[in-house]
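Below are the chains, spelled out letter by letter.
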Amino acid sequence: MEMESSSGEPWGLRSLRLRKPPTDGDSAGGSSAGYAAEEKGEPLSPAGRLFHSPNFNCCIVAIMGCRTEINPVVIKAGLVNTLLKHPRFSGKLVIDGKKGGKKRWVRTTVNLDDHITIPDLDPNVDAPDKFVEDYVSNLTKIPMDLSKPLWELHILNIKTSDANAVGIFRIHHSIGDGVSLISVLLACTRKTSDPEALPTIPTQKRAGSRSSCGFWQFLKIIWLVFKLFWNTFVDVLFFVATMIFLKDKDTPIKGAPNVGWTVKRFVHRTVSLDEIKLVKNATNATINDVILGVTHAGLAQYLSRRYGERESNKGAAKKGNNLPKRIRLRSALLVNIRPSAGIEEVADMMMKSKFKWGNWIGYILLPFPIALQDDPLEYIHRAKATIDRKKLSLEPILTYTSAKLLLNIFGVKVAAALIHRVLSNTTMSFSNVVGPVEEISFCGHPLAYLAPSVYGHPHALTVHFQSYMNKMTIVAGVDQDVIPDPHKLCDDFEESLKLIKNAAVEKGLIKNDIQ
């Protein structure tokens, strides 16, 4: 779907220069971002309360590679006109009474110098890519300051292998779900080619339905309804079983129950989105099917090597298939069940004083078949079958409703403990977010890549796919005590895509026109 120009106040680098930028001692936010602290405020959503429990103190990190050096003055002026108009980014958390009191968001005046960190860096630092990884990893050791709005931006003017500077957003998960927060950040960007136009985000085209009312069409509808209720029943049954006793197999990528409190490391790898689309068209699948199949294949390769290293006295991986049989490995997939607001709607909402926000997320337990396939296209076929089945299930709606009910009846501690148990009994997190189709600029700074992820949940591995222009960035967030070689895991993802694409070429399903 094409996005039109914002109905709010347009801005670009030219308009930023017309405004007086905040000085180091000034507060930023203006009257629209600075309601009095005495205002009653808005209570936390149920999921927001969970994200402030000790078991789920989760934060989202969004790493933005810029093509140019970042100008802090321009960034500050841009944030005043965009992000600070959002009530969650200009509101702090207030706790009523003593410990255990109700938490609510209250508008406050934002001093950008309290939120933007600009370390003095040596531009000739050795191994700049590793330096950025270390910097982001160190952020996971530092708790967020609850006395101010729960977000921060770190500006690293250092040249890496794929960017000339790096901006790192850290945002507490209680502010909103991942999809909503990425939408907010994208609503702060504009097309590089048109500084007053919002990004274009592609939407999935739905096949047109025929208006047939025949007997066979009626039977088909009955069958689909039956499958919907049956799949939902089975999924909820497995979800409850996972909460009580059903655990994934202990593998080299499964963390201990306390892994949510450990330091995380984030690495990323960029592959061709055009190649993913070629495989999608060749296999009559979706992009989600392809990236899930690539993840299946990459994890199978990685685990086979790790199992081989375990069995080798010399530490060198054995050749061949080292995977044990019957590996139960599942991913907890968070699903945004709120009616999706487009980028333009989010940008328009930031210009208004009131709109509904928060975390509206349900869970899906997604099984990952871990096996080395003779035919690489089999990974795509199995992934497609898994996703098609999950589409005919109300699992995310029921898990969201159940979590909300548990929280209201038993309180945050019990609800958090039960959900933490579900996640601890699974192996990893997996997500995919669609990004802009053209180059965008954040406050006048063209972006080379986007690499979002999350930490604080009880998984040693989080895999996130983020599309941008004609590229797909794979982000792996890991506990290095469990996964000491995350770059090798990214190598396996990248190599798996090549193997799958080459298999489609060899079968004559696509032409090898992507170099």
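Heads up: the structure comes first, above all this text.
Along every chain, residues carry numbers that run from 1 in the direction the sequence is written. Side-chain atom pairs in this predicted model are given and counted only at pLDDT of 80 or more, local residue features only at pLDDT of at least 70, and totals for whole chains, interfaces and linings cover all residues. Calculated side-chain values reflect all of the structure's heavy atoms, with hydrogen atoms and water omitted.

## Remarks on the overall build of the protein
And step 1. Counting its regular elements, the protein contains 13 helices and 16 strands.
And step 2. Relative accessible area decides the class of each residue, using a 1.4 Å probe on protein chains only: under 20% of the type maximum gives buried, over 50% gives exposed, and in between gives partly exposed. Considering the protein as a whole, with its 515 residues, one finds that 52% of them fall into the buried category.
And step 3. Accessible areas in this description were obtained via Shrake-Rupley with a 1.4 Å probe; residue shielding takes into account the shown protein chains only. Taken as a whole, the protein presents about 24300 Å² of accessible surface, with 55% of it coming from carbon and sulfur. A run of H or I in DSSP becomes a helix once it reaches four residues, and a run of E becomes a strand once it reaches two; helices and strands are each numbered from the N terminus.

## A look at the sheet that holds strand E4 (residues 103-107)
And step 1. Two strands pair if DSSP finds at least two bridges between them. With respect to topology, three strands assemble into an open sheet ordered E1-E4-E3, the strand pairing being antiparallel. The two strands at the open ends of the sheet, each matched to only one other strand, are strand E1 (42-43) and strand E3 (91-95).
And step 2. Where E3 and E4 come together, five bridges link them in antiparallel fashion. Across the sheet, residue Ile 95 finds its bridge partner in E4, namely Lys 103.

## Focus: the packing of aromatic side chains
And step 1. The aromatic pairing rule takes the rings of Phe, Tyr and Trp, using the six-membered ring of Trp, and pairs them if the centres are within 6.5 Å, calling planes under 30 degrees apart stacked, those over 60 edge-to-face and the rest tilted. Under the definition given, this model contains nine aromatic pairs.
And step 2. Residues Phe 131 and Tyr 135 carry aromatic rings whose centres are separated by 6.5 Å and whose planes lie at 40° to one another, so their mutual orientation is tilted. Pair noted here: Phe 131 and Tyr 135 are both in helix H4 (residues 128-139), with a separation of four residues, about one helical turn.
And step 3. Take Tyr 135: its relative accessible area is 16%, and that puts it in the buried class.

## Let's talk about the pattern of salt bridges
And step 1. What makes a salt bridge here is a side-chain nitrogen of Lys or Arg within 4 Å of a carboxyl oxygen of Asp or Glu, nothing more. Tallying each qualifying case throughout the model produces 19 salt bridges.
And step 2. Measuring nitrogen to oxygen at the nearest pair gives 2.6 Å for the salt bridge that ties Arg 305 to Asp 492. Taken as a pair, Arg 305 in helix H8 (residues 287-311) and Asp 492 in helix H13 (residues 486-506) lie far apart in primary sequence, 187 residues in all.
And step 3. Note on Asp 492: relative accessible area 10%, which makes it buried.
And step 4. The salt bridge partner of Glu 378 is Arg 382, with a shortest N-O separation of 3.3 Å.

## Section: the sheet that holds strand E13 (residues 440-442)
And step 1. With mixed pairing, seven strands are arranged side by side in an open sheet as E5-E6-E7-E2-E14-E13-E8. What marks the edges here is a single partner per strand, and that holds for strand E5 (116-117) and strand E8 (189-191).

## Some details on helix H5 (residues 178-187)
And step 1. The buried count for H5 comes to eight of 10 residues, which makes it a mostly enclosed element.
And step 2. Inspection of H5 places Ser 180, Leu 181, Ile 182, Ser 183, Val 184, Leu 185, Leu 186 and Ala 187 among the buried residues, and these make up the whole buried set.

## Observations regarding a nonpolar patch on the surface
And step 1. Together, Trp 223, Leu 224, Phe 226, Trp 230, Phe 233 and Leu 237 make up an exposed nonpolar region whose accessible area comes to about 670 Å².
And step 2. Position of Leu 237 among the secondary structure elements: in helix H6 (residues 215-244). Two joining distances apply to patches: 9 Å for like charges and 5 Å for nonpolar side chains (Val, Leu, Ile, Met, Phe, Trp, Tyr), and every residue must have over 30% relative accessible area and no salt bridge.

## Some points on the packing of helix H7 (residues 273-282) against H13
And step 1. Packing of H7 against H13 leaves a shortest axis separation of 10 Å and a crossing angle of 45°. Our classification of the angle between H7 and H13 gives oblique. Handedness of the crossing formed by H7 with H13: left-handed. In this structure, H7 uses Glu 275, Ile 276, Val 279 and Ala 282 to contact H13, whose residues at the interface are Leu 497, Ile 500, Lys 501 and Ala 504.
And step 2. Taken together, the residues that form the contact of H7 with H13 break down as six nonpolar, no polar and two charged. To define axes, lines are fitted to C-alpha atoms, for helices over the stretch in contact only, and angles between the resulting N-to-C directions are given on a 0 to 180 degree scale. When describing relative orientation, an angle under 35 degrees is termed roughly parallel and one over 145 degrees roughly antiparallel, while 65 to 115 degrees is termed roughly perpendicular and anything else oblique. Throughout, a crossing is termed right-handed when the near helix is turned clockwise from the far one, and left-handed when it is turned anticlockwise from it by less than a right angle. We call two residues contacting when some pair of their heavy atoms lies within 4.5 Å. Each residue receives one of three labels: charged for Asp, Glu, Lys and Arg, nonpolar for Ala, Val, Leu, Ile, Met, Phe, Trp, Tyr, Cys and Pro, and polar for the others, Gly being one of them.

## Regarding the side chain of Ser 304
And step 1. The topology assignment puts Ser 304 in helix H8.
And step 2. Non-local contacts of Ser 304, meaning those with residues more than four positions away in its chain, are made with Gly 320, Asn 321, Asn 322, Leu 323 and Leu 372.

## A look at the nonpolar core
And step 1. Leu 79, Leu 83, Trp 151, Phe 169 and Phe 442 are the most contacted members of the largest nonpolar core, which has 59 residues in total.
And step 2. The contact partners of Leu 79, leaving out residues within four places of it in the chain, are Leu 84, Leu 112, Ile 116, Trp 151, Leu 153, Phe 169, Phe 442 and Cys 443.
And step 3. Counting residues in each nonpolar core, the second largest holds 53 residues, with Val 271, Leu 299, Leu 323 and Ala 503 among its members. To define a nonpolar core, start from buried Ala, Val, Leu, Ile, Met, Phe, Trp, Tyr and Cys residues and group those joined through side-chain atoms within 4.5 Å.

## A word on empty space enclosed by the protein
And step 1. Whether a set of points on the 1 Å grid over the protein atoms alone is a cavity depends on a 1.4 Å probe fitting there but being unable to get out, while an open set qualifies as a pocket with protein on both sides within 12 Å along at least five of seven lines; lining residues are those with an atom within 4 Å of a point. Grid points are joined across faces, edges and corners, and a volume is the space filled by probe spheres set on the points. This model, assessed by the stated rule, comprises four cavities of 30 Å³ or more.
And step 2. Its boundaries defined by the atoms lining it, the largest cavity holds a volume of some 170 Å³.
And step 3. Contributing to the lining of the largest cavity are 14 residues, with Ala 47, Leu 50, Tyr 363, Ala 403 and Ile 419 lying nearest its centre.
And step 4. Those elements that provide at least two residues to the lining of the largest cavity are helix H2 (46-50), strand E11 (361-367) and helix H11 (395-410).

## Focus on the side chain of Glu 152
And step 1. Take Glu 152: it is sitting in strand E6 (residues 151-156).
And step 2. A polar contact is formed between the side chain of Glu 152 and the side chain of His 154, at a distance of 3.0 Å.
And step 3. Polar side-chain contacts of Glu 152 include one of 2.7 Å to the side chain of Arg 170. Polar contacts, as counted here, are pairs of nitrogen or oxygen atoms within 3.5 Å of one another; within protein the pair requires one atom able to donate a hydrogen and one able to accept it, and residues that are adjacent in sequence qualify only if both atoms are side-chain atoms.

## Let's talk about the environment of Ser 147
And step 1. Positionally, Ser 147 belongs in the loop between H4 and E6.
And step 2. In this structure, the C-alpha to C-alpha distance between Ser 147 and Lys 92, residues 55 residues apart in sequence, is 6.7 Å.
And step 3. Only 2.7 Å separates the side chain of Ser 147 from the side chain of Asp 145, close enough to count as a polar contact.

## Describing helix H10 (residues 377-391)
And step 1. Expected helix span is computed as 1.5 Å times (number of residues minus one). End to end, H10 covers 21 Å across 15 residues, agreeing with the expected 21 Å (1.5 Å per residue, within 8%).
And step 2. Leu 377, Tyr 379, Ile 380, Ala 383, Thr 386, Ile 387 and Lys 390 are the residues of H10 that are buried.
And step 3. Packing partners of the buried residues in H10 comprise H6, H7, H8, E11, H11 and H13.

These figures capture arrangement, not role.
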